[in-house]
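Descriptive analysis of the structure
Chain by chain, the residues:
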Amino acid sequence: HDLEGIHSYNPLEDPYSLYPHSLRNIDELCASIVRSHKETSQCRVEELQALRWKLLTREEIQAYQSKPVDDMWQHCAIRLTDAVQYVVEFAKHIPGFRLLSQNDQIALLKTGSMEVVLIRMSRFFNTENNTVFFDGKFAGAEIFKSLACGDLITAVFDFAHGMCDLKLTEQQIALFSALVLINTDRPCLEDRGRVQRVQRSVEFGLTHILHRDNQESLMHKLYQRMSVLRSLCSLHMEKLHWFSQRYPLTAHSLFPPLYKELFV
Ligand code: CLR
């Protein structure tokens, strides 16, 4: 649980250089980001593909829709936190991330982890019927009705659909996720220069992969998605703020600690 483990870092044990100078280093950097993505991605794409027929029944949909607002929020917060934990694991294995101060690691995760969860959502999304894999079955946006934040849900589903349209490979998703996490524009960073060195190496890695795949034109589209992600996350924070004012007890005592630590 939590962000512990992030705290115990010994730079001498880190085998990666911050700045990959040679092609071999770049390949290694990409390989380790892809490996880490695979190990923390919760489900392989092929497995999800095979589960596409599993849809919620009308009764199950109704059960979600008639949950009280705070129950549904708590339920989603738990699911999201679970996904965020895997993203924290992913981040820890991005070469260079552990060389950052604990403060900067947390600052990057605070703003980036939710964005990576939303990138990852596209792997769990079926564009044929606009459903997402949630609680073991595929579910449409209507099941989130009782959260009372329809605009956020619509925007999140649109984003997932748009990401699917890009038809990214798992390697591209991995590098893009890393780039979204290691971002010098985040507030409250102590050592921006160090973050920038890591960011440059990841950027270099993504460029390398897109070049290899003959898809350099994707870079521009991915940068566009980054700004959409930003607005989605500020909408999430807004909704969360609204919710915790309205239901302080649920937000305070029933939300998972990591969710509170990162977002509240
Ligand atoms: C993302 C990819 C992860 C697995 C996963 C777990 C929980 C899912 C999430 C994915 C996508 C977004 C999701 C979330 C649970 C609730 C949330 C469906 C598939 C929706 C958008 C509701 C957000 C509500 C907040 C306002 C609390 O590997």
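Here's a quick rundown of the structure.

Calculation criteria
- Residues numbered from 1 in each chain as written.
- Predicted model: local features only at pLDDT ≥ 70, side-chain atom pairs only at ≥ 80, totals over all residues.
- Heavy atoms only, no water.
- Helix = DSSP H or I, 4+ residues; strand = E, 2+ residues; numbered from the N terminus.
- Rg over C-alpha atoms; globule rule 2.2 N^0.38 Å.
- Buried < 20%, exposed > 50% of the residue type's maximum accessible area, 1.4 Å probe, protein only.
- Contact = heavy atoms within 4.5 Å.
- Areas by Shrake-Rupley, 256 points an atom, 1.4 Å probe, with all protein chains shown as cover.
- Phe/Tyr/Trp six-rings, centres within 6.5 Å; stacked < 30°, edge-to-face > 60°.
- Lys NZ or Arg CZ within 6 Å of the ring centre and 35° of its normal.
- Near = heavy atom within 4 Å.
- Polar contact = N/O pair within 3.5 Å; in protein donor to acceptor, adjacent residues only side chain to side chain.
- Salt bridge = Lys/Arg side-chain N within 4 Å of Asp/Glu carboxyl O.
- Pairing = 2+ DSSP bridges.
- Axes fitted to C-alpha atoms, helices over the stretch in contact; angles between N-to-C directions.
- Parallel < 35°, antiparallel > 145°, perpendicular 65-115°, else oblique.
- Left-handed = near helix turned anticlockwise from the far one by under 90°.
- Nonpolar A, V, L, I, M, F, W, Y, C, P; charged D, E, K, R; others polar.
- Expected span 1.5 Å × (residues − 1).

This next bit is on the overall build of the chain. When you go through the chain residue by residue, the secondary structure sums to 11 helices and 3 strands. Helices and strands in the chain line up, N terminus first, as α-α-α-α-α-β-β-β-α-α-α-α-α-α. By the compact-globule yardstick of 18 Å for 264 residues, the chain fits well, its C-alpha radius of gyration being 19 Å. Here the C-alpha coordinates of the chain stretch approximately 55 × 40 × 25 Å along the principal axes. Across the 264 residues of the chain, 50% fall into the buried class. For the chain, the proportion of contacts with a sequence separation of at least 24, taken over those separated by at least 6, is 80%. Within the structure as shown, the chain displays about 13,000 Å² of accessible surface, and the carbon and sulfur contribution to it stands at 53%.

Right, let's get into the packing of aromatic side chains. Within the structure shown, the criterion is met by 10 aromatic pairs. Taking 5.2 Å as the distance between ring centres and 55 degrees as the angle between the ring planes, the aromatic pair formed by phenylalanine 133 and phenylalanine 138 counts as tilted. We classify phenylalanine 138 as buried; its relative accessible area is 2%. The ring centre of phenylalanine 90 lies 5.5 Å from the NZ or CZ of arginine 120, which sits over that ring.

Moving on, we get to the site of the ligand. Taken together, 17 residues form the shell around the ligand, and within it Gln42, Trp73, Phe124, Phe134 and Leu147 come nearest. Take glutamine 42: an N or O atom from its side chain is 2.5 Å from an oxygen atom of the ligand. Contact with the protein chains covers 96% of the free accessible surface of the ligand, which is 610 Å². Elements that contribute at least two residues to the shell around the ligand include exactly helix H4 (69-92), helix H5 (102-121), strand E2 (131-134) and helix H6 (150-165).

The subject of this paragraph is the pattern of salt bridges. Close approach of charged atoms allows side chains with opposite charge to pair. The full count for this structure, using the stated rule, is 12 salt bridges. Arginine 212 is paired through a salt bridge with aspartate 213; the nearest N and O atoms lie 3.2 Å apart. Here arginine 212 falls in the partly exposed class, since its relative accessible area comes to 48%. When salt bridges with common partners are traced through the structure, they connect Arg44, Glu46 and Glu47 into a single cluster.

This brings us to unusual backbone geometry. Here the phi dihedral of glutamine 42 falls at roughly 70 degrees; this positive angle occurs in a residue that is not glycine. One can find glutamine 42 in the loop between helix H1 (23-39) and helix H2 (45-50). Despite not being glycine, alanine 148 shows a phi value in the positive range, around 60 degrees. Following the sequence through the fold, alanine 148 ends up in the loop between strand E3 (137-140) and H6.

In this section: the sheet that holds strand E1 (residues 125-126). Spatial ordering of the open sheet is given by E1-E2-E3, a layout of 3 strands whose pairing is antiparallel. Bordering the open sheet on either side are E1 and E3, each of which pairs with just one other strand.

Let's shift gears to the packing of H5 against helix H7 (residues 170-181). Orientation of H5 relative to H7, taken along the N-to-C sense of each, is 155 degrees, at an axis distance of 8 Å. In terms of orientation, H5 and H7 fall into the roughly antiparallel class. Of the two possible hands of crossing, H5 and H7 adopt the one that is right-handed. Here H5 contributes Leu108, Leu109, Gly112, Ser113, Glu115, Val116 and Ile119 to the contact with H7, which in turn contributes Ile173, Phe176, Ser177, Val180 and Leu181. In terms of residue class, the contact of H5 with H7 is made up of 8 nonpolar, 3 polar and 1 charged.

This brings us to helix H8 (residues 192-212). The terminal C-alpha atoms of H8 lie 30 Å apart, and with 21 residues this matches the ideal 30 Å at 1.5 Å per residue to within 8%. Just downstream of H8 lies asparagine 214, where phi reads positive at about 60 degrees.

Keep in mind that these numbers describe shape and distance, not what the molecule does.
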